[in-house]
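# Tertiary structure, described
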Amino acid sequence: MITREPDQFEPAINPLGELGRKVLLTARGAGRALIMLGHATLAIRHVFHRRNRRATMEQFFITGIKSLGVITIVALFTGMILALQTGLELRRFGREVNIGTAVTVSLVREMGPFMTGLIIAASVGSAMAAQLGTMVVSEEIAALEVMSIDPVRMLVMPRLVALTIMMPILTVYTNILGVVGGAIVGETQLGVSMRAYFDNARLYVTNRDLYVGLLKAIVFGISICTVACHQGFSTSQGAVGVGQATRRTVIISFLAVLVFGYMISRIFYK
Amino acid sequence: MSLIRFERVRKRLGGRDVLAGLDLAIEKGETFVLLGSSGSGKSVTLRHMIGLFRPDEGRVWIGDDCISEARGRELERIRRRFGMLFQNAALLQWMTVIENVALPLLEKTKLPESEAYEQALRRLELLGLADAVEKLPADLSGGMQKRVGLARAIVMDPEIILYDEPTSGLDPVTSRAIDRLIEDLRRRLGITSVVVTHDLHSALAIATRIGVIHQGRIVEVAAPRDFVRSENELVRSFLEAQYITRRGAWENREGTS
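Residues numbered from 1 in each chain as written. Chains lettered and ligands numbered in written order. Predicted model: local features only at pLDDT ≥ 70, side-chain atom pairs only at ≥ 80, totals over all residues.

### Here we look at the overall build of chain B
For clarity, the threshold we go by: The numbering of helices and of strands both runs from the N terminus, where a helix is a DSSP run of H or I of at least 4 residues and a strand a run of E of at least 2. Just to be clear, the radius of gyration here is over C-alpha atoms, and the globule rule we use is 2.2 Å times residues to the power 0.38. Here a residue counts as buried when 20 or more other C-beta atoms sit within 10 Å of its C-beta, as exposed when there are 12 or fewer, and as partly exposed otherwise, the C-beta atoms being derived from the backbone. Contact criterion: two residues are in contact if their C-beta atoms, reconstructed from the backbone, are within 7 Å.
Looking only at helices and strands, chain B features 10 helices and 10 strands. The C-alpha atoms of chain B give a radius of gyration of 18 Å, which matches the 18 Å a tight globule of 257 residues would have. Taking the principal axes of its C-alpha atoms as reference, chain B extends roughly 55 × 45 × 35 Å. Within chain B, the fraction of its 257 residues that count as buried is 44%. Sequence-distant contacts in chain B: of pairs separated by 6 or more residues, those separated by 24 or more amount to 65%.

As structure tokens, then:
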């Protein structure tokens, strides 16, 4: 059940008690979020039912198409900044041509999924939390449960599917645009021809880099969706609560992107 | 045997006993109005009826089913017997009126889409909303949203409808129109209704019995005719706060029936 009775606590006796309560509440929240994720994963078997299919396509549109503009700009500039900064350093050794590798490897391994994750968390994740939070506050979720319509299947599952699939696609898009951005800076600012840049880029990027980057994107997509939906569903106390849920979604998703990003890198690059 | 029964239900929320051993019995086919001031526990009582809250102690029965202990499919089966109108209608904002009303049919039955929309349309016509079918809830007035909520509540032909403050936030004319709809549903479809409100005029107009809840207990249950003559101090203060005298209210009721 998503609709829950409000929490009730006796006042904490001392700061230690308060700390203990916070730890327990955090653990409980994480547990509930994971249970919801499991539940949504099980519900994926219904994704091809006509109604769910429509809802899922809508989420694809919101996640993918609507974020394209900002992702395009961020990706181009990320590549351009990477090329400019590394290029200026490499120039001291006369190795400007290596910006191809520097830009491509850092984008594919780290910056691509990382930047995409941050953008999606801030735009799509926060909007998800706000929407679901508002639905909780206006009793729409309770109404669904009273009608025995599963809110996780109806609302979380399409978002989970869309984010999990769109994140790697958007990441590839970010990577490509970033590399192109780097090439433009190389050609115009550093005197590295496009041809030399791309030849150099191909030299050191392995398939593994690509797979690990995409794995990160998938993990980020799942975490952002889980955090956003869980925070949205946990909203209480009206409009203020919706604001808090949105804020917490952005913070926790950013942390998740950073921590999971590091952990995956650590596992694959020892 | 009564259709809805509360047996010494206790519920503690936010550090106080919201329900303090509440006993209640509602008969089939009646319109039971639960009156009480804010924070007296009436909405919490309603939420126990449909299994959104669970009692700390005691049980809630719907006929032979104990909803307070049901889970999963069992809970789903019992909830099928209910429709509920929420305080702010609780319509899904991104769906049109007809999609909202057809939603339970599309989700919970195997009806083809065309048939589901057909049935939804019939309920909307019943409530005088035939012109609004393609509108979004945000484009409707509060009273119309409540009527759409009511159409959604009756689309699965429930035995029992729960109303959470059906007239709050509405002007008097619209409020009386909602009252007439509730009365109509009881008479035409034999639906059992439980109405939570603090609108006494509405209570007197539609109730077969009125129960007053105070500090988590039912302190008075009476038919409207006896209710206005009650000597209970709480009831008197309620009546006087809404300018209803022993004679006047009764005449009002005569006027509406």
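### What about the sheet that holds strand 2 (residues 16-26) of chain B?
Definition in use: In this description, strands pair whenever DSSP reports at least two bridges between them.
Spatially, 2-1-4-5 (chain B) is the arrangement adopted by the four strands of the open sheet, whose pairing is antiparallel. Looking along the sheet, the strands with just one partner apiece sit at the ends: strand 2 and strand 5 (65-66) of chain B.

### Quick notes on the sheet that holds strand 7 (residues 160-164) of chain B
Residue and element names in this part refer to chain B. Test applied: Inter-axis angles, ranging from 0 to 180 degrees, are taken between N-to-C directions of lines fitted to C-alpha atoms, where helices are fitted over the stretch in contact.
With respect to topology, six strands assemble into an open sheet ordered 6-7-8-3-9-10, the strand pairing being mixed. Each edge of the sheet is formed by a strand with only one pairing partner; in this case those strands are strand 6 (82-85) and strand 10 (217-222). Pairs of neighbouring strands in the sheet enclose a mean axial angle of 20°, with direction left out of account. Where strand 9 (residues 209-214) and strand 10 come together, five bridges link them in antiparallel fashion. Looking at the pairing, Ile213 lines up with Ile218 of strand 10. Here helix 1 (residues 42-49) sits on the sheet and contacts strand 3 (31-35), strand 7, strand 8 (192-197) and strand 9; the angle it forms with strand 8, its principal contact strand, is near 150°. Across the face of the sheet, helix 9 (residues 233-241) comes into contact with strand 3, strand 9 and strand 10 while running at roughly 105° to strand 9.

### Here's the deal with the packing of helix 1 (residues 15-43) of chain A against helix 6 (residues 151-190) of chain A
Residues and elements named next belong to chain A. Going by this rule: By definition in this entry, angles of less than 35 degrees are roughly parallel, angles greater than 145 are roughly antiparallel, angles of 65 to 115 are roughly perpendicular, and the rest are oblique. Residues are sorted three ways: Asp, Glu, Lys and Arg are charged, Ala, Val, Leu, Ile, Met, Phe, Trp, Tyr, Cys and Pro are nonpolar, and all the rest, Gly among them, are polar.
Helix 6 packs onto helix 1 with a crossing angle of 85° between their chain directions and a minimal axis gap of 9 Å. In terms of orientation, helix 1 and helix 6 fall into the roughly perpendicular class. In this structure, helix 1 contributes Met36, His39, Ala40 and Ala43 to the contact, and helix 6 contributes Val152, Arg153, Val156, Met157 and Leu160. Classifying every residue of the contact of helix 1 with helix 6 gives seven nonpolar, one polar and one charged.

### Quick word on the nonpolar core
In plain terms, the rule: We define the nonpolar core as any set of buried residues of the types Ala, Val, Leu, Ile, Met, Phe, Trp, Tyr and Cys, connected via C-beta atoms lying within 7 Å of each other.
Core analysis: the biggest nonpolar cluster contains 137 residues, and Val33, Met84, Val101, Ile161, Leu162 and Val194 of chain B have the highest contact counts within it. Looking at which element gives the most residues to this core, the answer is helix 4 (residues 99-137) of chain A, with 16 residues. Setting aside residues up to four positions removed in sequence, Val101 of chain B forms contacts with Ala120, Arg123, Leu124, Val148, Ala151, Arg152 and Val155 of chain B.

### Here's the deal with the environment of Glu113 of chain B
All names here are of chain B. Mapped onto the secondary structure, Glu113 falls in helix 4 (residues 113-126). You can call Glu113 exposed: it has 12 C-beta atoms within 10 Å. Note: C-alpha distance between Glu113 and Ala102 (11 residues apart in sequence) is 8.7 Å.

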